[in-house]
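Per-entry structural report
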Amino acid sequence: MSVLLLASAAILAQSYTLHRTETLRPSDGGPERVVRQVTIARRADGTRVEKVVSFPGQTNESTMRTIQDGNLRLIRAFDSAGIKRTGPPVPPGDVEALKSIRPNPALDCAPRSTTARRSGSKTILGLEAAVFAVGMGEVGFAPKLGCEEVFFHPNRPDVGVKTLTQWSAGEPDSALFDVSTLREGTAEEARRAAGIQ
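Residues numbered from 1 in each chain as written. Predicted model: local features only at pLDDT ≥ 70, side-chain atom pairs only at ≥ 80, totals over all residues. Heavy atoms only, no water.

Along the chain, the regular secondary structure elements total three helices and twelve strands. By the burial criterion, 35% of the 197 residues in the chain qualify as buried. Across the chain, contacts joining residues at least 24 apart in sequence account for 40% of those joining residues at least 6 apart. Accessible surface computed for the chain: about 11,200 Å², of which carbon and sulfur atoms make up 54%. (Helix = DSSP H or I, 4+ residues; strand = E, 2+ residues; numbered from the N terminus. Buried < 20%, exposed > 50% of the residue type's maximum accessible area, 1.4 Å probe, protein only. Contact = heavy atoms within 4.5 Å. Areas by Shrake-Rupley, 256 points an atom, 1.4 Å probe, with all protein chains shown as cover.)

This is the structure we're talking about:
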């Protein structure tokens, strides 16, 4: 293993929390508005959660969490509707195959896209990000945080901007992973909660 790979492995945060906002400028030229607040957290055991609050502060605000354990089993929690949907266990052979296609911090977080090209690096809130030019703009991934996406700057005004607002290393708030108050919903209830008609 090269010194570079060892260094990358040594600085990888085993547990972390990051917060990102997604803003959009209306087509009428009005001010940007926050359309999503995203929290992504990972425990040392590999369990990961992505919490998305859509249209925060508006009458149609909704909250959904996607929780993935170390074996890639998914739980979708529709907090606004009080339900969850628990996916089936992932066969062990498939777990390793699926993990192998994730972006790799040791390989500079290169996305699996034939059009993406490395365009540099940026430091955001003290966090180093590998920057790539993609068809719709510029995207940054944080090797220290397992290649989580920390920003997206589009080259079109009608596409949302993603901005890192805060991050921390260490075990995340356990409440992010708690689904004990949610009942197991039906597929139809989950579709309605997700806004799929």
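Alright, that's what it looks like, and here's the rest.
To continue, consider unusual backbone geometry. Despite not being glycine, Phe55 shows a phi value in the positive range, around 50°. The topology assignment puts Phe55 in the loop between β3 (48-54) and β4 (62-68). Take Phe55: its relative accessible area is 30%, and that puts it in the partly exposed class. Phi angles above zero are rare outside glycine, and Cys147 is one such case at about 70°.

Predicted confidence across the chain gives a mean pLDDT of 84, with 84% of residues reaching 70 or more. Residue range residues 1-11 is modelled with pLDDT below 50. Its contacts to residues more than four positions away, or to other chains, number five contacts. (pLDDT = per-residue confidence, 0-100.)

The next point concerns the packing of aromatic side chains. The tally for this structure, following the rule as stated, stands at one aromatic pair. Positioned above the aromatic ring of Phe177 is the side chain of Arg43, whose terminal nitrogen or guanidinium carbon lies 4.0 Å from the ring centre. Sitting over the face of the ring of Phe132, Arg118 holds its NZ or CZ atom 5.8 Å from the ring centroid. (Phe/Tyr/Trp six-rings, centres within 6.5 Å; stacked < 30°, edge-to-face > 60°. Lys NZ or Arg CZ within 6 Å of the ring centre and 35° of its normal.)

As paired strands, strand β1 (residues 16-24) and strand β2 (residues 33-42) are joined by nine bridges and run antiparallel to one another. Residue pairing for β2: Thr21 is matched across the bridge by Gln37. Inspection of the sheet shows β2 paired to β3 by seven bridges, in the antiparallel sense. Of the residues in β3, the one forming a bridge with Ile40 is Glu50. Between β2 and β3, which follow one another and run antiparallel, lie five residues, and Gly46 among them has a positive phi close to 95°. (Pairing = 2+ DSSP bridges.)

Attention shifts here to the sheet that holds β2. Strand order in the open sheet made by the twelve strands is β7-β8-β9-β10-β11-β1-β2-β3-β4-β5-β6-β12, with mixed pairing throughout. The sheet terminates laterally at β7 (117-124) and β12 (183-184), the two strands that pair on one side only.

Quick look at the nonpolar core now. Soluble globular proteins tend to pack their nonpolar side chains together in the buried interior. Core analysis: the largest hydrophobic core is formed by 14 residues, its most contacted members being Ile124, Leu127, Leu145, Val150, Phe151 and Leu164. Going through the elements one at a time, β1, β2, β8 (127-134) and β10 (148-154) are the ones with two or more residues in this core. The greatest single-element share of this core, amounting to three residues, is contributed by β8. Here Leu164 is in contact with Leu18, His19, Arg20, Ile124, Leu125, Leu127 and Val150, once residues within four sequence places are set aside. (Core = buried A, V, L, I, M, F, W, Y, C linked by side-chain atoms within 4.5 Å.)

Quick look at the pattern of salt bridges now. Once the charged atoms of two side chains with opposite charge are near each other, the side chains can pair. Evaluated as defined, the whole model comprises eleven salt bridges. Across the pair Glu22 and Arg20 runs a salt bridge, and its minimum N-O distance is 3.3 Å. For the salt bridge of Lys122 with Glu138, the shortest nitrogen-to-oxygen distance reads 3.0 Å. Of this pair, Lys122 sits in strand β7 while Glu138 sits in strand β9 (residues 137-142), and the two are 16 residues apart along the sequence. The exposure class assigned to Glu138 is partly exposed, which follows from its relative accessible area of 24%. Each member of the salt-bridge network shares a partner with another, and the members are Arg20, Glu22 and Arg36. (Salt bridge = Lys/Arg side-chain N within 4 Å of Asp/Glu carboxyl O.)

Quick look at the environment of Val90 now. Along the polypeptide, Val90 turns up in the loop between β6 (83-86) and α2 (92-100). Separated by 19 residues in sequence, Val90 and Asn71 have C-alpha atoms that sit 6.7 Å apart.

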